[in-house]
Amino acid sequence: MKSPPSFLVIVLTIALYCNVVHCFNDADWDAASSRARSFVSQLTLEERVSLVTGLGWYGGKCVGNIAPIQRLNFKGLCLMDSPVGVRGTDFVTVFPSQMNAAMTWNRSLIYERSAAMCREFRGKGAHIALAPMLNMARAPAAGRNWEGFGADPWLAGEAAVYSVQGLQSCGVIATPKHWVGNEQEHFRTLQTTNMDDRTLHEVYGWPFLRAVQAGAALVMGSYYQLNGTCACEN
């Protein structure tokens, strides 16, 4: 049989990750990838399309939803905001903002904050937490600066590490966002962030690098263009 498309294998690898705690080493990822390849090989074309398309904004109980495939006992995936806790539901906590967490310069507190968020996301049935937010607070009127860790890339990178590890400590998937240059909320789908390669690597990209090094299983793309090209198109 022809090998399944790599992007589908990746999606299913992430799905299987939901049941694995501390899946940070190569052996764990290899095992999950093997299970994913076996699963994907059983899917019809329609089921493969469903996996990578989703149900749209609030097309189910969550902000984002991937439909179940009942015949294979795949229960679907729930993707849920936000960087301060589970969005739009009851009996959950509004946690201190990432900006406030960064001001502590305390790795342990940043980790414990995210670990507590993990327990609430899991308790509400969310598989994927759409957090942390890693854009830089370079524009004072950007609109969402409070969601991030501030304008210092080193601080944001360290906070990203402990936030990802905390969020994934109980089997929830962290989703660092928005890659990359998503620096203003107003007209966010119409703007372009322009920067040279060194600036990208040393400032805007650094927190994302640290998040991936910490084991982040997903990354959300930017609504912006980067140097004139839509970030999610490149």
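What counts, and at which threshold
Residues numbered from 1 in each chain as written. Predicted model: local features only at pLDDT ≥ 70, side-chain atom pairs only at ≥ 80, totals over all residues. Heavy atoms only, no water. pLDDT = per-residue confidence, 0-100. Helix = DSSP H or I, 4+ residues; strand = E, 2+ residues; numbered from the N terminus. Salt bridge = Lys/Arg side-chain N within 4 Å of Asp/Glu carboxyl O. Buried < 20%, exposed > 50% of the residue type's maximum accessible area, 1.4 Å probe, protein only. Phe/Tyr/Trp six-rings, centres within 6.5 Å; stacked < 30°, edge-to-face > 60°. Pairing = 2+ DSSP bridges. Axes fitted to C-alpha atoms, helices over the stretch in contact; angles between N-to-C directions. Parallel < 35°, antiparallel > 145°, perpendicular 65-115°, else oblique. Contact = heavy atoms within 4.5 Å. Polar contact = N/O pair within 3.5 Å; in protein donor to acceptor, adjacent residues only side chain to side chain.

Our focus in this paragraph is the confidence of the model for the protein chain. Do not read the fine detail of predicted coordinates wherever pLDDT is low. Confidence in the prediction for the protein chain averages 89 pLDDT; 89% of positions are at 70 or higher. Confidence scores differ between elements of the protein chain, with helix H1 (residues 6-17) showing the lowest mean pLDDT of 62 and helix H5 (residues 107-123) the highest of 98.

For the coordinates displayed, the defined rule picks out 10 salt bridges. Between Glu 158 and Arg 107 there is a salt bridge; the shortest N-O distance is 3.2 Å. Residue Glu 158 is found in helix H6 (residues 153-167), and its partner Arg 107 is found in helix H5; the two are separated by 51 residues along the sequence. Here Glu 158 falls in the buried class, since its relative accessible area comes to 13%. The shortest N-O distance in the salt bridge between Arg 188 and Glu 185 comes to 3.1 Å. Look at Arg 188 and you get partly exposed, because its relative accessible area is 22%.

Bringing the packing of aromatic side chains into the picture now. Per the stated rule, a full pass over the model turns up three aromatic pairs. Geometrically, the ring pair formed by Trp 57 and Tyr 58 is edge-to-face, given 5.4 Å between the ring centres and 90 degrees between the ring planes.

Here the focus is the sheet that holds strand S6 (residues 225-226). Read across the sheet, three strands follow the order S5-S6-S7 without closing on themselves; strand pairing throughout is mixed. The sheet is open, and its two borders are formed by strand S5 (192-193) and strand S7 (229-230), each paired with just one other strand. Of the pairings in the sheet, the one linking S5 to S6 comprises two bridges and is parallel in character. The residue of S6 that forms the bridge with Thr 192 is Gln 225.

The geometry of helix H7 (residues 197-204) relative to helix H8 (residues 206-213) is characterised by a closest axis approach of 5 Å and an angle of 55 degrees between their N-to-C directions. Classified by the angle between their axes, H7 and H8 sit oblique to one another. Contacts between H7 and H8 involve Leu 200, His 201, Glu 202, Val 203 and Tyr 204 from the first element and Trp 206, Pro 207 and Phe 208 from the second.

Attention now goes to the sheet that holds strand S4 (residues 173-174). Picture the strands of a sheet paired through backbone hydrogen bonds; they go either parallel or antiparallel. If you trace the four strands from one edge of the open sheet to the other, you get S1-S2-S3-S4, paired in mixed fashion. In this open sheet, the two strands that pair with only one neighbour each are strand S1 (64-66) and S4. The pairing of strand S3 (residues 128-129) with S4 spans two bridges and is parallel. Residue pairing in the sheet places Ala 129 in a bridge with Ala 174 of S4.

A separate point is the side chain of Asn 182. Checked against the element boundaries, Asn 182 lands in the loop between S4 and S5. Taking the relative accessible area as the measure of exposure, Asn 182 reaches 6% and is therefore buried. A polar contact of 3.2 Å, which involves the side chain of Asn 182, links it to the side chain of Ser 222. Only 2.8 Å separates the side chain of Asn 182 from the backbone nitrogen of Tyr 223, close enough to count as a polar contact. In this view, Asn 182 contacts Asn 135, Ser 222, Tyr 223 and Tyr 224; residues no more than four positions away in its chain are not counted.

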